[in-house]
Amino acid sequence: MKDDLIHSAATIDGPVPEHQALLQAVFAIETVGVLFFNLDGQIVNANPAFERMCGYTRDELCTTAHWEQLTDPEFFAVTYEVAERLATEGRTPPYEKMMIRKDGTRWWGLFAPTRLSGSGLESRCAEFILDITERKNAETALGESEERFRSLVQGFAQAVWETDIDGVVVTDSPSWRAFTGQTIKEWMGRGWINAVHPDDREYALRQWDDAVRSRRGANAEFRLKSARDNDWRWTNVRAAPIFDSNGSLRKWVGINIDVDDQRRMQEALRAAAVRDAFRVRLADVLHPLDEPIAIQEEAARMLGRHLCVARALYVEVEPDKEHVLVQRDFAEGVGSQVGRHKISDFGAFLLEAFRAGHTIVVRDSSSDPRLGKAEQAAYDAVSVRAFVGVPLIKNGKFVSALTVNHPGARTWTADEIALIEEVAELTWAAVERARANQARRASEERLRALFDSMTEAFAIMEAIPADAETSVDYRFLETNPAFDRHIRLHAPREHTLQELLPDIEPYWLERFEQVLHTGAPTQFEAYIASHYRWFAISATRLGNDNGLRLAVVFTDITERKLAEEKIRHASLHDALTGLPNRTMLFEYASHLLPHNRRTNQCAAVLFLDLDRFKPINDSHGHMTGDLVLKEIARRLVMGAREEDIVVRLGGDEFVILLQDLKDAAAAAEVAIHILDRINQPYHIGELSLSLSTSIGISLFPGDGQDIDTLISQADMAMYQAKQAGSNNFQFYSPEYSAETRLQRVIEQQLKSALRNSTFHLCYQPVLDVETGRIVSVEALLRCHETNIGPDRFIPIAETTGIINPIGRWLLAEAARQHKAWLDHGLPLIPIAVNVSVVEFRDRDFPNRFEDTVSEHGIETNALQLEVTETAVMDDVEHAIAMLSRLQALGVKILLDDFGTGHSSLAYLARLPLNKVKIDKSFVTPLDKDKTSRVVTNAMIALSRTLGLEVVAEGVETEGALEYIRTHGCTQAQGYYLGQPMSGADFEHWYWEKGQHLQNTGDLNCNVRH
């Protein structure tokens, strides 16, 4: 075999003689296949190593086998390309391809071919082959990239060399010299050791000496200086002993394989594995931490110890953006940096770089050209020479940084910098997660607190589907304390809605189902009879379109409902008596009257107005009046049928709606019964009061088709009952409706005048008939709203109660006018004010009078009061008491319309009066009527006998004036002396003519205004 090898080598053109022995030695290497072939595909020779690789014998390879049989079809193109390059260029870089063994199995080979001689298809070539199947499998298993591994493989077979039995190099290949840059002379002997890294030389020599001694071959890795990049590269050295036929060692043959990329990759993988393990450990440690500060502190500690640095810490950017705050740090062997620091103290470029998001690396602060002496001193002050800072930019803003520093100079590797950057991001993510968790927990706690503190009952329910479209019930999943408190259910989460509330209406489920299908919230109110409570219920779907859960709020509105019911009751009932009011009457009638129309039944409206109720209020107070009204309401209800309705319209007015009457006589019978009940005495405390009522009756359908018309007609009939003397009833009749309507119109006009302040006073002077002196003026009420005089509208005002606010206005206006005259220089001219019967009955009138004059800053004698015979004779004892109180204040009292009433001389003598006024009905006709002269003479004589001043009203002629003067009447009033005037006109009249009268006493001159 040895001769065959030598023969084969000799047949190849190209190898120089000194290499023939080397080729022979390489043939003998057991791990390197050698193949000689022609470019036409014919194999010329192969060594035993290749035979083992492919499974063919050398004879089979050289006679019957062809390279296409040995090569996987997928690599035919690669083989053709290599053959072309060998034919044209003579050599090609090592390449890989998959081969086919004789048994059909595949194996991977690394081929390093070269052309030895010839050209074109006649070229003679040789190539070294390594079986790299295991490595390729390992590459696949480890996930190495094909390109990276190819680069590793291409370094194989860079150098082939030969030594003697003592290990002294005797020959080499040009590739060795090209790799190391050594000359053949430097390489010979043991000069090769000079190309080995100084740290590896002892190891390399020891390995070689061991191989020489043991004769077992060598396989070692160490670093060689590469002339290509002037860097140290790892090389795998494989050497095999060559023995002669006698078994004696003849030489050593070896090759050097460049494994630097592989070693670097392994180191990178180991470093990556260490970093990965660190990342996993860091993530495991940080995951359970909830406090951001604790996360940063632990991350800094782990990173500092992993990188073997003295200090690692996080800084937080302060609001001024110029300073950072260190709350905690990792420090071993150096002082802590906890505190506040100005960024620019450590380099003006730092702040700008950090804001731009750039990582800053300082290897040695003492020699870094970016740092000035002051900045270097700042580093020295905190024991820092080497520094890496990684800024954290969030939402475009520099918010924090991770810094790692060391007291000594340090060359930071790219892996270390990358790890610091990765830890910065990882830690910040953990911090943000912790902050988010804190915010979430805080939110959950707030929601839970809100959930638990809600006054409304809240529940989360889940539908129990009956089928794809409907739900049969709802299961309680969660309830708040208010739910348990308000709904008062035991363990609701263990039951369904219908189990706990079996009396709910079916529409509950329908509304809930609609929410689930449409997603639109719903609200409704429902009464839960089993709990005697009202609830406002709102339901909202939770989750997506297919959600089966509802959030339901139950708001207890029982109190609101009761309040609403009370409000409704109050809106439909009178607050004092509890009777239905006008609103309820109209609502009731809207149903009753159509019923009577359909059934051809008669109905009636009875309008009641109490007679002389006002004196009860005025004399005994409103509390007594209210008790009387309540008793009247009770009597009316007791006297009404169950189907009738008794209503209080307001004040002392009541309405009774009677239904299903046979005829008008039935309504009259009810009215008679009511009159009798009202006439019964009223015992209020120690009082025994009498009262009557006037009733007006309208009939349905004859007098009206609706309740409004019927009430109006009954009201007019009631006025007729009043006119007929009260305490009776009258049916509505169209004949007297016009008069009643007129009275109603006047009433409305008076009310309008009060609202719009259109009342005004006129003042008519009262003169001394002997001297012409102005004794006083009488305030006469006028109203712009109506052309009807006071003789007509005053009784209506008294009847309707409007007289009270009118009287208060009149008194205040007279006081105001008197004060104005005084301010304008007029002397004290008393103003006589008429007091109505209704006002006089008010026991509080003297106090109100005193308050009025006091408010206007005038004396009590500035006003005089005129009362009628009717007013004082209605209740003489009351009149005496009232007049005495007023006289005690200094007020003059005048008895008005003297002679028109039925005054008893005995009572008249008892009354505390100052003046009497003879009614104009006696004075005006004195010139012609003898009877008037007789009556007037008697009244003058009576008054003088009682010591009273006498005023004659209605003096319209000179004759009347002369008559009363000659018969002893000292004062007169009438158009002949002065007509009624406004306050301003009277003031003008006084200055123009009043003074003349007083100076001359000539009353017969033309004194009319």
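Scoring rules and cut-offs
- Residues numbered from 1 in each chain as written.
- Predicted model: local features only at pLDDT ≥ 70, side-chain atom pairs only at ≥ 80, totals over all residues.
- Heavy atoms only, no water.
- Helix = DSSP H or I, 4+ residues; strand = E, 2+ residues; numbered from the N terminus.
- Buried < 20%, exposed > 50% of the residue type's maximum accessible area, 1.4 Å probe, protein only.
- Expected span 1.5 Å × (residues − 1).
- Pairing = 2+ DSSP bridges.
- Axes fitted to C-alpha atoms, helices over the stretch in contact; angles between N-to-C directions.
- Contact = heavy atoms within 4.5 Å.
- pLDDT = per-residue confidence, 0-100.
- Phe/Tyr/Trp six-rings, centres within 6.5 Å; stacked < 30°, edge-to-face > 60°.
- Lys NZ or Arg CZ within 6 Å of the ring centre and 35° of its normal.

The protein chain is annotated in an unreviewed UniProt entry as Diguanylate cyclase from Noviherbaspirillum denitrificans.

A.B. asks: I would appreciate a short explanation of unusual backbone geometry in the present structure.
C.D. replies: Note: most residues except glycine have negative phi, and most peptide bonds are trans. In this model, phenylalanine 700 is joined to proline 701 through a cis peptide bond whose omega is 10°. Residue placement: proline 701 occurs in the loop between strand 28 (692-700) and helix 25 (707-723). Positive phi, normally seen in glycine, also occurs at serine 383, with a value near 60°. Relative to the assigned elements, serine 383 resides in the loop between helix 15 (373-381) and strand 16 (386-394). For serine 383, a relative accessible area of 32% translates into the label partly exposed. In this model, asparagine 727 sits at a positive phi of 55°, which is unusual for a non-glycine residue. Note on placement: asparagine 727 falls in the loop between helix 25 and strand 29 (729-731).

A.B. asks: Looking at this model, I keep getting lost on helix 28 (residues 803-823). Mind explaining?
C.D. replies: Because an α-helix packs 3.6 residues into every turn, residues spaced three or four apart end up facing the same way. Helix length check: helix 28 (21 residues) gives 30 Å between terminal C-alpha atoms against 30 Å at 1.5 Å per residue, within 8%. Note on helix 28: the residue one or two positions beyond its end, glycine 825, has a positive phi of about 100°.

A.B. asks: How do you make sense of the sheet that holds strand 28 when you look at a structure like this?
C.D. replies: Each strand in a sheet pairs with another by means of backbone hydrogen bonds, the pair being arranged parallel or else antiparallel. Strand order in this open sheet of five strands is 24-25-23-28-29, and the pairing throughout is mixed. Whereas interior strands pair on both sides, the edge strands pair on one side only; in this sheet they are strand 24 (645-650) and strand 29. Strand-to-strand, the axes of this sheet are offset by a mean angle of 20°, without reference to chain direction. Across nine bridges, the pairing between strand 23 (residues 602-611) and strand 28 is antiparallel. In the strand pairing of strand 28, leucine 606 is matched with isoleucine 697. Here helix 23 (residues 622-639) sits on the sheet and contacts strand 23, strand 24 and strand 25 (653-661); the angle it forms with strand 25, its principal contact strand, is near 5°.

A.B. asks: It is not clear to me how the confidence of the model for the protein chain should be interpreted in this structure. Could you clarify?
C.D. replies: Low-pLDDT portions of the prediction should not be read for the details of their coordinates. Confidence along the protein chain averages 82 in pLDDT terms, with 88% of residues attaining 70 or more. Every residue in residues 1-19 scores below 50 in pLDDT, and together they form 18 contacts with partners more than four places removed in sequence or on other chains. Overall, residues 142-157 carries pLDDT values under 50, and its contacts beyond four positions in sequence, including any with other chains, amount to 33 contacts.

A.B. asks: How should the packing of aromatic side chains be read in this particular structure?
C.D. replies: By the definition in use, this model includes 20 aromatic pairs. Note on tyrosine 95 and phenylalanine 111: the rings are 5.6 Å apart at their centroids and 25° apart in plane angle, and the pair reads as stacked. In this pair, tyrosine 95 sits in strand 3 (residues 95-100) while phenylalanine 111 sits in strand 4 (residues 106-117), placing the two residues 16 residues apart along the sequence. We classify tyrosine 95 as buried; its relative accessible area is 9%. Overall, phenylalanine 111 belongs to the buried group, its relative accessible area being 1%. Measuring from centroid to centroid gives 5.1 Å for tyrosine 990 and tryptophan 991, while their planes differ by 75°, and the two rings are edge-to-face. An aromatic cluster is built from Tyr474, Tyr507, Trp508, Phe512, Phe524, Phe535 and Phe554, whose rings are joined through pairwise contacts. Its guanidinium or amino end placed over the ring of phenylalanine 111, lysine 97 lies 5.0 Å from that ring's centre, counting from NZ or CZ. Note that arginine 635 overlies the ring of tyrosine 682, its terminal NZ or CZ placed 3.8 Å from the centroid.

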